[in-house]
Amino acid sequence: MFTKILIANRGEIAVRVIRTCQKLGIQTVAIYSEADADAPHVKMADESYCIGKPRVHESYLQIEKIIEIAKETGAEAIHPGYGLLSENGAFARKCVEAGITFIGPTAEVIEKMGSKVASRITMIEAGVPVVPGTEEALADVSEAIQVAENIGYPVMLKASAGGGGIGMQVVYNSEELTKAYEGNQKRAQMFFGNGDMYIEKYIGNPRHIEIQLLADQDGNCVYLWERECSIQRRHQKVVEEAPSPFLDEETRTKMGETAVKAAKAIGYHNAGTIEFLVDEEKNFYFLEMNTRLQVEHPVTEEITGTDLVEEQLRVAAGERLRFDQSEIKREGHAIEVRIYAEDPKSFFPSPGTITKLELPEGEGVRHELAVHGSSTVTPFYDPMIAKLIVSAPSREETIERLIEALEDYNIEGIKTNIPMLQQVITHQAFQAGDTTTQFVEKYL
């Protein structure tokens, strides 16, 4: 096992990784921007180093500087967290070249799965069901129109290297596609440095359900059940739960086995997630693979009793998985809500200084925090400031505990999306398990 690692991230995920490292007796090195000098992860780590100015390209995306700090401090490995450099193949490759373990899969796998076009082709070759669509990047808008007419409208226009809903749009006819193509291509080029576009058949009223995987470097791979992540706004998840209220055991097992088959086909190791779209008849289709720890990983931890960060560290250190599929149990229910510093109606970010922070307490209540009671939420980063995870023996009890917890959650000085979250979890449709990706548009 490692004796010291560097966390190449910020916010609640940096705190989360540090907490497991402390449990295992591993020393930690934190990096921070000038804007994050007072952040919780900076104070928790054994060592902390300022890496640059507030904007991410001047700090958290400085690959050479991060590796230099890791080498100077004697860190044997780097945990990338999620976002930022976590799915950057060049970063993973440079870590290895510097003699530092990258806590994640290989650079080659990251790059293959990072391209939506390449990952689709790979999954098709592995026998994994995919949504009908293009297998290569579109040449131009004329080809896009031809493909869309062959598949049948509506279709989903997507950026190959996209994420977070950027470069993604549902179109219902050729006129809409023509208007959308150039704009989405430009956005994709601006945000990801890659303007490649592709088209998929639009699946109406689907569910977004993902399978959590763990794989070691000896080819062993298991799934730790699913997470339902269908409650989204602007293609960003806001509520996640495990297990899904929609799946039956047969479909659940089939999805897990399919995800394992996909991971083995690409030689995957470490923690990863296969995301699927599931239609109303429980047919499921590969959406994408996240080659990192997910924001919503705590709900899986709560129902399985598995510390996913610890397993990441063990696999990266060369250890074999400590359990096989038959030993992974599922008990109870868990729901996570993402708390954002944003206007609950417009969803616009709400930076400012927190003047009061009171957290709910009680059985089955867990917090993952990026802030403290006097933190300043800056406009430089993602506005997610916390995650509230609640668990109980049943889904009904979990919802009851979550309602109470959100009522007791008090943040002053900034606006948050807590009112919106309360609307979701108290809605009759959510409580009945009617949690499709259209929930926010349909009910709120």
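That block above? That's the structure.
This write-up is about the structure you can find in this document.

What counts and how
- Starting from 1, residues in each chain are numbered consecutively following that chain's sequence as written.
- Per-residue local features are limited, in this predicted model, to residues with pLDDT of at least 70; the limit for side-chain atom pairs, both in listing and counting, is 80 or more; totals at the level of whole chains, interfaces and linings are taken over all residues.
- Water and hydrogen atoms play no part in the side-chain values, which are based on all heavy atoms of the structure.
- Two strands qualify as a pair provided that DSSP identifies no fewer than 2 bridges between them.
- The helix count covers DSSP runs of H or I at least four residues long, the strand count covers runs of E at least two residues long, and both are numbered beginning at the N terminus.
- Between N-to-C directions, angles span 0 to 180 degrees; the directions come from axes that are lines fitted to C-alpha atoms, helices contributing only their stretch in contact.
- Contacts are residue-level and defined by heavy atoms, with any inter-residue pair within 4.5 Å sufficient.
- The span you would expect from a helix comes to 1.5 Å times its residue count less one.
- Note on classification: 1.4 Å probe, protein chains only; a residue is buried when its accessible area is under 20% of the maximum for its type, exposed when over 50%, partly exposed between these limits.
- Read the arc as the range of directions from the helix axis to the C-beta atoms.
- Pairing of aromatic rings covers Phe, Tyr and Trp, the last counted by its six-membered ring, and requires centre-to-centre distances within 6.5 Å; plane angles under 30 degrees mean stacked, over 60 mean edge-to-face, and any other angle means tilted.
- Nonpolar cores were defined as sets of buried Ala, Val, Leu, Ile, Met, Phe, Trp, Tyr and Cys residues, with membership established by side-chain atoms within 4.5 Å.
- Defined by distance alone, a disulfide is two cysteine sulfur atoms within 2.5 Å.
- Grouping into patches uses exposed residues only, defined as over 30% relative accessible area, and leaves out salt-bridged ones; the cut-off is 9 Å for like charges and 5 Å for nonpolar side chains (Val, Leu, Ile, Met, Phe, Trp, Tyr).
- The method behind every accessible area is Shrake-Rupley, applied with a 1.4 Å probe, and residues are considered shielded solely by the protein chains displayed.
- Definition used for salt bridges: Asp or Glu carboxyl oxygen within 4 Å of a side-chain nitrogen of Lys or Arg.
- The positive count covers Lys and Arg only, the negative count covers Asp and Glu only, and His and the chain ends enter neither.
- The location of each charge is read from NZ of Lys, CZ of Arg, CG of Asp or CD of Glu.
- Counted as a polar contact is a pair of N or O atoms within 3.5 Å, where, for protein atoms, one must be capable of donating a hydrogen and the other of accepting one, and residues adjacent in sequence contribute only when both atoms are in side chains.
- Orientation is classified from the angle alone, with under 35 degrees giving roughly parallel, over 145 giving roughly antiparallel, 65 to 115 giving roughly perpendicular, and any other angle giving oblique.

**Quick look at the sheet that holds strand E3 (residues 47–52)**
The strand order across the open sheet formed by five strands is E3-E2-E1-E4-E5, and the pairing between neighbours is parallel. The strands lining the two open edges of the sheet, one partner per strand, are E3 and strand E5 (101–102). Taken together, the four bridges between strand E1 (residues 4–7) and strand E2 (residues 27–33) define a ladder with parallel strand orientation. The partner of Leu 6 across the bridge, within E2, is Val 29.

**Structural notes on the sheet that holds strand E6 (residues 155–159)**
What the three strands build is an open sheet, ordered E7-E6-E8; its pairing is antiparallel. Edge positions in the open sheet fall to strand E7 (169–171) and strand E8 (197–201), since each of these has one partner strand only. Strand-to-strand twist of the sheet, defined as the mean angle between neighbouring strand axes without regard to direction, takes the value 30 degrees. Pairing geometry for E6 and E7, over three bridges, is antiparallel. Pairing of Met 156 across the sheet is with Val 170, part of E7. Helix H7 (residues 141–151) contacts E6 and E8 of the sheet and is inclined by roughly 10 degrees relative to E8. Against the sheet, helix H8 (residues 174–192) contacts E6, E7 and E8, and its axis sits at roughly 165 degrees relative to E7.

**A few points about helix H12 (residues 395–408)**
Taking 1.5 Å per residue as the helical rise, H12 with its 14 residues ought to reach 20 Å, and the 20 Å between its terminal C-alpha atoms agrees with that figure. Within the sequence span of H12, burial applies to Arg 395, Thr 398, Ile 399, Leu 402, Ala 405 and Leu 406. Mapping the buried residues of H12 onto a view down its axis gives an arc of 125 degrees, with all of them on the same face. Set apart from the buried face of H12 by more than 90 degrees, the exposed residues are Glu 396 and Glu 407.

**Quick look at the packing of aromatic side chains**
With the rule as written, the count across this model stands at seven aromatic pairs. For the ring pair Tyr 60 and Tyr 381, a centre distance of 5.8 Å and an interplane angle of 75 degrees mean the geometry is edge-to-face. With Tyr 60 in the loop between E3 and helix H3 (63–73) and Tyr 381 in the loop between strand E18 (376–377) and strand E19 (384–392), this residue pair connects regions lying 321 residues apart in the sequence. When sorted by exposure, Tyr 60 lands in the same class as Tyr 381, which is buried. Relative to Phe 102, the ring of Phe 91 lies with its centre 6.0 Å away and its plane at 90 degrees, an arrangement referred to as edge-to-face. Here Phe 91, found in helix H4 (residues 89–97), pairs with Phe 102, found in strand E5; they are 11 residues apart in sequence, far enough to count as distant. Each of the two residues, Phe 91 as well as Phe 102, counts as buried. Aromatic rings pair up to connect Tyr 60, Phe 380 and Tyr 381 into one cluster.

**With respect to the nonpolar core**
Core analysis: the largest hydrophobic core is formed by 89 residues, its most contacted members being Ile 5 and Leu 213. The element that contributes the greatest number of residues to this core is strand E10 (residues 221–233), accounting for six residues. Excluding anything up to four places from it in sequence, Ile 5 contacts Val 17, Cys 21, Ile 26, Gln 27, Thr 28, Val 29, Ala 75, Ala 77, His 79, Ile 103 and Leu 313. One finds Ile 31, Ala 39, Ile 66 and Cys 95 within the second-largest nonpolar core, a separate group that totals 25 residues.

**A look at the state of the cysteines**
Taken as a whole and assessed by the stated rule, the structure comprises zero disulfides. In this model Cys 21 remains outside any disulfide bridge; the closest cysteine sulfur is found in Cys 95, 15 Å from its own.

**Some remarks on a negative patch on the surface**
Where like charges cluster on the molecular surface, the negative patch consists of Glu 396, Glu 397, Glu 400, Glu 404, Glu 407 and Asp 408. Summarising the element assignment, Glu 404 is placed in helix H12.

**Digging into the side chain of Glu 296**
Summarising the element assignment, Glu 296 is placed in the loop between strand E13 (284–290) and helix H10 (297–304). Of note is the side chain of Glu 296, whose polar atom sits 3.1 Å from the side chain of Gln 294. Apart from the residues within four sequence positions on either side, Glu 296 is in contact with Glu 210, Arg 227, Cys 229, Lys 237, Glu 240, Glu 336 and Arg 338.

**Focus on unusual backbone geometry**
Cis geometry marks the peptide bond from Tyr 153 to Pro 154, where omega comes out at 0 degrees. Secondary-structure assignment places Pro 154 in the loop between H7 and E6. In the segment running from Ala 242 into Pro 243, the intervening peptide bond is cis, with an omega of -5 degrees. Along the chain, Pro 243 falls in the loop between strand E11 (236–242) and helix H9 (249–265). If you check the backbone angles, Asn 205 has positive phi at about 50 degrees while not being a glycine. Looking at the element boundaries, Asn 205 is found in the loop between E8 and strand E9 (207–215).

**A short note on the packing of helix H5 (residues 107–114) against helix H6 (residues 116–125)**
Here H5 crosses H6 at 100 degrees, and the two axes come no closer than 5 Å. By the criterion of interaxial angle, the relationship of H5 to H6 is roughly perpendicular. Seen from H5, the contacting residues are Lys 112, Met 113 and Gly 114; seen from H6, they are Lys 116, Ala 118, Ser 119, Thr 122 and Met 123.

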